[in-house]
Number of protein chains: 2
Amino acid sequence: MIPNPALLSLNTATTRKRWGLAQAIEGCARHGIRGIAPWRDLLHVMGVDAAVRAIRTHGLTVTGLCRGGMFTAADAAGRQAAIDENRRAIDEAHALDAHCLILVVGGLPGSSKDIADARMQVHDGIAAILSYARQAGIALAIEPLHPMYAADRACINSVGQALDLCDALDPHGQGGLGIAVDVYHVWWDPLLEAQISRAGKNRLYAFHICDWLVPTRDLLTDRGMMGDGVIDIARIRSWVERAGYTGFHEVEIFSALDWWERDPDEVLEVCKERHQRCC
Amino acid sequence: MIPNPALLSLNTATTRKRWGLAQAIEGCARHGIRGIAPWRDLLHVMGVDAAVRAIRTHGLTVTGLCRGGMFTAADAAGRQAAIDENRRAIDEAHALDAHCLILVVGGLPGSSKDIADARMQVHDGIAAILSYARQAGIALAIEPLHPMYAADRACINSVGQALDLCDALDPHGQGGLGIAVDVYHVWWDPLLEAQISRAGKNRLYAFHICDWLVPTRDLLTDRGMMGDGVIDIARIRSWVERAGYTGFHEVEIFSALDWWERDPDEVLEVCKERHQRCC
C-alpha cells in the first residue's frame, strides 16, 4: 500500500548544508510536507522561540528533536555534563511539542576499549533523565545505530539491544521510553522483524527512512535517497505498521557527495516522489 | 595471559600488495611465524603444487584457505557456478591440508533487495557442498561479516546468525561445519560472548585478528594493526579460549592507506610484537 503523503517528515539533516531551520520550515510548508525534525544546532541558530512560532504558523508536526544522548564520557564530570545537556534538550523538545527526543547514545569514551562499560554508562545516563523527560511529557527514543558507529557514536546497535535497555529501565512499561527505527541502521538485522514486533506500538516512537548505497563511499555522509539503494523500505514499513506504528516517515539523508550539493527544493520534490514510489 | 607466539598465523591479505604467496611463505619461515592462510588468487598465481611443496618444506600450518562462499546469484546458473567453484576451493584446501575453508557467503545478488532470500540461497549453497567438504576432510568455516558488508559481501552478519545456520544444516552436530570469528566483524556485538560460548570448540574453526580504527576512512581497506584501534582483542581471545578453541590467531589486515604500503618484513615484525602485547 502506498504510504500516506501526509506522513512524510523532513529531518533537517537532509538539507543542512544549504538551509537553516527557518528555510527548512518554510520549505516544508511550501512543498506540503507536514512533519519536520530539527537538529539542535540549527535550532539554536534560529532560536527556540522563533522556531516554535514558525512551526506553529505553518501547522507542522515536530516528529522528533535531534538529538540527545552522547552519555558516555571518560569521567564523572563529563557524564554529568551530558545529563545536563540532555535536560536542556528535553526542555527544547517540550517547547517544540516534539513527539520525541532522539537519543544517539554515545560510543567508547576517551581511549576506552570497554564497550560493556560504555553500555552501562548509557543505561545510567538514560536512567538519570527519564523522570525529567516524563515530567516534561517528552518521550525518549533510543536510536540504535549501525554497528559501524559502535566506537564513535552509539554503542547501542540493534533494535533488540535497544529494547533490552528499555526493559531494564522501564520494566513495567510505564511509557515515555522507546526506540527510533532508522532503516539505514537496522535493515541488515536478521532479527529485525521479530524485534519490531516485540517493540509494539508503545515503544515505537519514530521511523526514519533513507537508503543504503552500494558502494558506500563514506561511513558517515554517503546515505542514499529512498529507492537508490538496497533497503526494502516498504517491507520494513509494513513491519512497523503491523506493530501498531501510525506516525510519520522521517527522511534523514546525510549525503555530502550528492543530496547536500543540490537545491533543497529539488531534494524535497524527490523526497515526496520517492516516498510515494519506494517506501 | 600473553598469547603463545607459536599460534600466530599470517593471512596473506596482510601483505598482498607487495608479496606473492611464495614470498609470504618464505617471510613466515624467516620470521618464525608458524601459520599461514593463503588467498586463492595468490595461490593460483603460485600454483597449488608449488605452494604445497613450499609450505611443507617450511613446516607451516595452513590455518585456513580464503575463500569459498559467494553463494548468492541472480539466477540458478550463477548459483551452480558458485557451487562448482566452492568444490574447487575444497579440493585446494585438501591439497594444502588447510584447517578450514573460510566462507564469505555473498550479499544481495543482482538488484535484489530481498536479504531473507539471499540468506536462503546461502543456506542452500552450503547444503550443496557440505557432504563434498566432509568427504575431503575439509571443515567449512562460515565467517560472519560486519553488517556494513551485508549488501555486497556477506549477508551473514553475526556469530549468532552463523550458528543458527550451522544448526539448520548440521542439526546433530556431525561436524565439519562451523564458524570463523574475526574480531573486526563482530567486536561490537552485545551477544558476542554468549554466542562464542554457544559455538564451543566443535564449531570454532578460526580466530582472526586486526583492529577497528577510529576514524575508519574506508569501508573495506582501512583495518588497523592490533593495538591501534578500539577492539579489546585479549578479551575476545579469552572468550574463544574459554569455549575450547586452541587454534591459531590469524592476522588479516586490509590496509591500503598504511600497512600495504610498508615493507612486509616490517609488517611481520610489528605483527609479532603486537600479537604478544595487544592480543
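Residues numbered from 1 in each chain as written. Chains lettered and ligands numbered in written order. Predicted model: local features only at pLDDT ≥ 70, side-chain atom pairs only at ≥ 80, totals over all residues. Heavy atoms only, no water.

> Is there a simple way to think about helix 5 (residues 115-136) of chain A in this case?
Along an α-helix, a turn takes 3.6 residues, which lines up residues three or four apart on a common side. Residues and elements named next belong to chain A. Between its first and last C-alpha atoms helix 5 spans 31 Å; for 22 residues at 1.5 Å apiece the expected length is 32 Å, and the two agree. Largest kink in helix 5: about 35 degrees, centred on Leu130. Within the span of helix 5, buried status applies to Ile115, Ala118, Arg119, Gln121, Val122, Gly125, Ile126, Ile129, Leu130, Ala133 and Ala136. Structurally, helix 5 contributes buried residues whose contacts are with helix 4 (76-96), strand 5 (100-104), strand 6 (139-142), helix 6 (159-169) and strand 7 (177-182). A side-chain oxygen of the first residue of helix 5 lies 3.3 Å from the backbone nitrogen of Ala116; this N-cap is Asp114. Gly137 lies just past helix 5 and shows a positive phi near 70 degrees. (Helix = DSSP H or I, 4+ residues; strand = E, 2+ residues; numbered from the N terminus. Expected span 1.5 Å × (residues − 1). Bend = angle between axes of the 7 residues up to and from the residue. Buried < 20%, exposed > 50% of the residue type's maximum accessible area, 1.4 Å probe, protein only. Contact = heavy atoms within 4.5 Å. Polar contact = N/O pair within 3.5 Å; in protein donor to acceptor, adjacent residues only side chain to side chain.)

> Mind showing me how you'd approach helix 4 (residues 76-95) of chain B here?
Relative to the 28 Å expected for 20 residues at 1.5 Å per residue, helix 4 of chain B spans 29 Å between its end C-alpha atoms, a close match to the ideal helical length. Phi turns positive, to about 55 degrees, at Asp97 of chain B, one or two residues after helix 4 of chain B.

> Would you mind going over the relation of the copies chain A and chain B with me for this structure?
Between the two copies of this chain, the relationship is a rotation about some axis together with a displacement along it. Note on the identical chains: chain A maps onto chain B by a rotation of 180 degrees and an axial translation of 0.0 Å, with an RMSD of 0.0 Å. The operation mapping one copy onto its partner corresponds to a two-fold rotation axis. Interface residue correspondence from chain A to chain B reaches 100%, placing this contact among same-surface, isologous pairings. (Least-squares fit on C-alpha atoms with pLDDT ≥ 70 in both.)

> Is there a simple way to think about the interface of chain A and chain B in this case?
Accessible area lost during the coming together of the parts is what is often quoted as the interface size. The interface of chain A with chain B comprises 29 residues on the first partner and 29 residues on the second. The interface formed by chain A and chain B includes two salt bridges. Residue Arg235 of chain A pairs with Asp114 of chain B through a salt bridge whose shortest N-O separation is 3.7 Å. Classifying every residue of the side of chain A that touches chain B gives 14 nonpolar, six polar and nine charged. (Salt bridge = Lys/Arg side-chain N within 4 Å of Asp/Glu carboxyl O. Nonpolar A, V, L, I, M, F, W, Y, C, P; charged D, E, K, R; others polar.)

> Would you explain the layout of surface pockets in this entry?
Approximately 620 Å³ is the volume attributed to the largest pocket. Around the largest pocket sit 27 residues that line it, and Pro190 and Leu191 of chain A together with Ser158, Gln161 and Asp164 of chain B are the ones nearest its centre. Put simply, the parts of the chain that give the lining of the largest pocket at least two residues each are helix 6 of chain A together with helix 5 (115-136), helix 6 (159-169) and helix 8 (192-203) of chain B. Sort the elements by how many residues they give to the lining of the largest pocket and helix 6 of chain B lands first, with five residues. Counted as a void, the second largest pocket has a volume near 450 Å³. Together, 21 residues line the second largest pocket, and Ile115, Ala116 and Arg119 of chain A together with Asp189 and Pro190 of chain B are the ones closest to its centre. For the lining of the second largest pocket, the secondary structure elements donating two or more residues are helix 5 and helix 6 of chain A together with helix 8 and helix 9 (233-242) of chain B. Sorting elements by how many residues they give to the lining of the second largest pocket places helix 5 of chain A first, with five residues. (1 Å grid on protein atoms, 1.4 Å probe; cavity = no way out; pocket = protein on both sides within 12 Å on 5 of 7 lines; lining within 4 Å. Points joined across faces, edges and corners; volume = space filled by probe spheres on them.)

> Explanation requested: the packing of helix 5 of chain B against helix 6 of chain B in the structure shown.
When two helices pack together, their arrangement is given by the angle between their axes and by how far apart the axes lie. Residue and element names in this part refer to chain B. Running from N to C, helix 5 and helix 6 point in directions that differ by 50 degrees, and their axes come no closer than 11 Å. Taken together, the axes of helix 5 and helix 6 are oblique relative to one another. Taken as a pair, helix 5 and helix 6 cross one another with a handedness that is right-handed. Every residue of helix 6 that contacts helix 5 at Arg119, Val122, His123, Ile126, Ala127 and Leu130 is listed here: Gln161, Leu165, Ala168 and Leu169. In the contact of helix 5 with helix 6, the residues fall into seven nonpolar, two polar and one charged. (Axes fitted to C-alpha atoms, helices over the stretch in contact; angles between N-to-C directions. Parallel < 35°, antiparallel > 145°, perpendicular 65-115°, else oblique. Left-handed = near helix turned anticlockwise from the far one by under 90°.)

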